[in-house]
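Coordinates in review
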Amino acid sequence: MTGKRILVGEIGRPHGVRGLVKLRSFTADPAAIADYGPLTNEDGTRRYDLILLAEGLARVEGVADRDAAARLTGTRLYAERDRLPPPEEEEYYLADLIGLRAETEAGGSLGIIHAVEDHGAGAFLVLEGPPERLLPFTRAVVPVVDLAGGRVVVVPPEEIVVPPGSEDAA
Amino acid sequence: MPRSVWKGPFVDGFLLNKAEAARASTRNEIIKIWSRRSTILPQFVGLTFGVYNGKKFIPVQVSENMVGHKFGEFSPTRTFTGHSSDKKAKRG
């Protein structure tokens, strides 16, 4: 994972005349963005040290007036993947899962993991299509997650079939 | 106004049949359903449903604290894509 960078936030519009900016944090805990520093821009050429203030505002080191703050609007902030704390057992960072190859047990390709979503009923993987596949992120369906090898092994679940006549409606 | 208690929870009948078939099976199966209006019953705990959201079947792994809710609550019909950032997924 060395060298991988992840998007953690974006600088918004300037606030006031003393160089403060609005900060859009994409982290699970918005205040955690400051813990992952130093943050850089997209191509890694510029570094930003942030001091978080109340109500989504931040001060960027070296920015003292509104004009300088306005020039930063829209800057996307990236952190080194190595700065994130190690996840607990059976937990995976979405940034690590996205982009892995999904393969069957026999080695056949099922596509690339394009997103990982969770709507309150367990996480599921979205494999890019066509056809797009949604797979529950469980031990039964995804028995192997090989981050170093860049792949997951998937046992696609079968669809339940009820004999005709036993259903009232479709 | 809530539903009268004497009626019991509403569940489409065919869904009970499918859940029963899934319980009897030992294979790794997903139960595709269109019935977003059905209430989640205790006998569904541990099963995985694919709940239709108008476009695709969203996997819903039923757990104990989902009992009493409707299936549709876990299968949003509108798209929201955030950034992955430092978010984590737990393998169930």
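Residues numbered from 1 in each chain as written. Chains lettered and ligands numbered in written order. Predicted model: local features only at pLDDT ≥ 70, side-chain atom pairs only at ≥ 80, totals over all residues. Heavy atoms only, no water.

As recorded by an unreviewed UniProt entry, chain B carries the name Small ribosomal subunit protein uS19 and is attributed to Belnapia arida. Under the Sequence similarities (unreviewed entry) heading, UniProt states for chain B: "Belongs to the universal ribosomal protein uS19 family." (UniProt positions renumbered as here; feature names shortened; annotations may be inferred.)

Chain A is annotated in an unreviewed UniProt entry as Ribosome maturation factor RimM from Belnapia mucosa. According to the UniProt record, the Subcellular location (unreviewed entry) comment for chain A is "Cytoplasm". Quoted verbatim from the Subunit (unreviewed entry) heading of the UniProt record, the comment on chain A is "Binds ribosomal protein uS19."

**Brief notes about the overall build of chain B**
Across its full length, chain B holds 1 helix and 4 strands. Shown N-terminal to C-terminal, the secondary structure of chain B runs as helices and strands in the order α-β-β-β-β. Expressed as lengths along the three principal axes of its C-alpha atoms, the size of chain B is roughly 45 × 40 × 25 Å. Buried positions account for 42% of the 92 residues belonging to chain B. Long-range pairs, those at least 24 residues apart, make up 44% of the contacts in chain B with a sequence separation of at least 6. Surface accessibility of chain B: about 5400 Å² in total, with carbon and sulfur atoms responsible for 55%. Within chain B, one finds 16 positive and 6 negative side-chain charges whose respective centroids are separated by 6 Å. (Helix = DSSP H or I, 4+ residues; strand = E, 2+ residues; numbered from the N terminus. Buried < 20%, exposed > 50% of the residue type's maximum accessible area, 1.4 Å probe, protein only. Contact = heavy atoms within 4.5 Å. Areas by Shrake-Rupley, 256 points an atom, 1.4 Å probe, with all protein chains shown as cover. Lys, Arg positive; Asp, Glu negative; His and termini not counted. Charge placed at Lys NZ, Arg CZ, Asp CG, Glu CD.)

**Side note on the interface of chain A and chain B**
On the side of chain B, 32 residues touch chain A, which itself brings 51 residues to the contact. Carbon and sulfur atoms supply 57% of the area that chain A and chain B bury against each other, a total of about 3700 Å² over both sides. Looking only at chain A, the three residues that lose the most surface to chain B are Ala 121, Glu 158 and Ile 160 of chain A, adding up to 18% of its buried area. Salt-bridge contacts for Glu 132 of chain A lead to Lys 56 of chain B; the nearest nitrogen and oxygen are separated by 3.3 Å. For the side of chain A that touches chain B, the elements supplying multiple residues, two or more each, are β1 (5-15), β8 (91-93), α2 (94-97), β11 (123-127), β12 (133-136), β13 (144-146) and β15 (158-159) of chain A. Across the side of chain A that touches chain B, the residue classes break down as 35 nonpolar, 6 polar and 10 charged. In the sheet, β15 of chain A pairs with strand β1 (residues 29-33) of chain B via 2 bridges, with the strands oriented parallel. (Buried area = accessible area lost by both parts, 1.4 Å probe. Salt bridge = Lys/Arg side-chain N within 4 Å of Asp/Glu carboxyl O. Nonpolar A, V, L, I, M, F, W, Y, C, P; charged D, E, K, R; others polar. Pairing = 2+ DSSP bridges.)

**Describing the UniProt feature "domain: Ribosome maturation factor RimM PRC barrel" (unreviewed entry) in chain A**
According to UniProt, the positions carrying the feature "domain: Ribosome maturation factor RimM PRC barrel" (unreviewed entry) are residues 96-160 of chain A. From the first C-alpha to the last, residues 96-160 of chain A spans 32 Å; its make-up is 3% helix and 46% strand.

**Some words on the UniProt feature "domain: RimM N-terminal" (unreviewed entry) in chain A**
Using the residue numbers shown here, the UniProt feature "domain: RimM N-terminal" (unreviewed entry) corresponds to residues 8-82 of chain A. For residues 8-82 of chain A, the end-to-end C-alpha separation is 13 Å, with 8% helix and 40% strand making up the annotated structure.

**Thoughts on unusual backbone geometry**
Even without being a glycine, Glu 90 of chain A presents a positive backbone phi close to 70°. Mapped onto the fold, Glu 90 of chain A is located in the loop between β7 (76-80) and β8.

**Digging into helix α1 (residues 13-24) of chain B**
Residues and elements named next belong to chain B. The end-to-end C-alpha distance of α1 is 17 Å, a good match for the 16 Å that 12 residues give at a rise of 1.5 Å each. Within α1, burial applies to Phe 14, Leu 15, Lys 18, Ala 19 and Ala 22. Looking straight down α1, one finds that the buried residues subtend no more than 140° of arc, so they occupy a single side. Along α1, the residues that are exposed and aim more than 90 degrees away from the buried face are Glu 20 and Ala 24. (Expected span 1.5 Å × (residues − 1). Arc of directions from axis to C-beta.)

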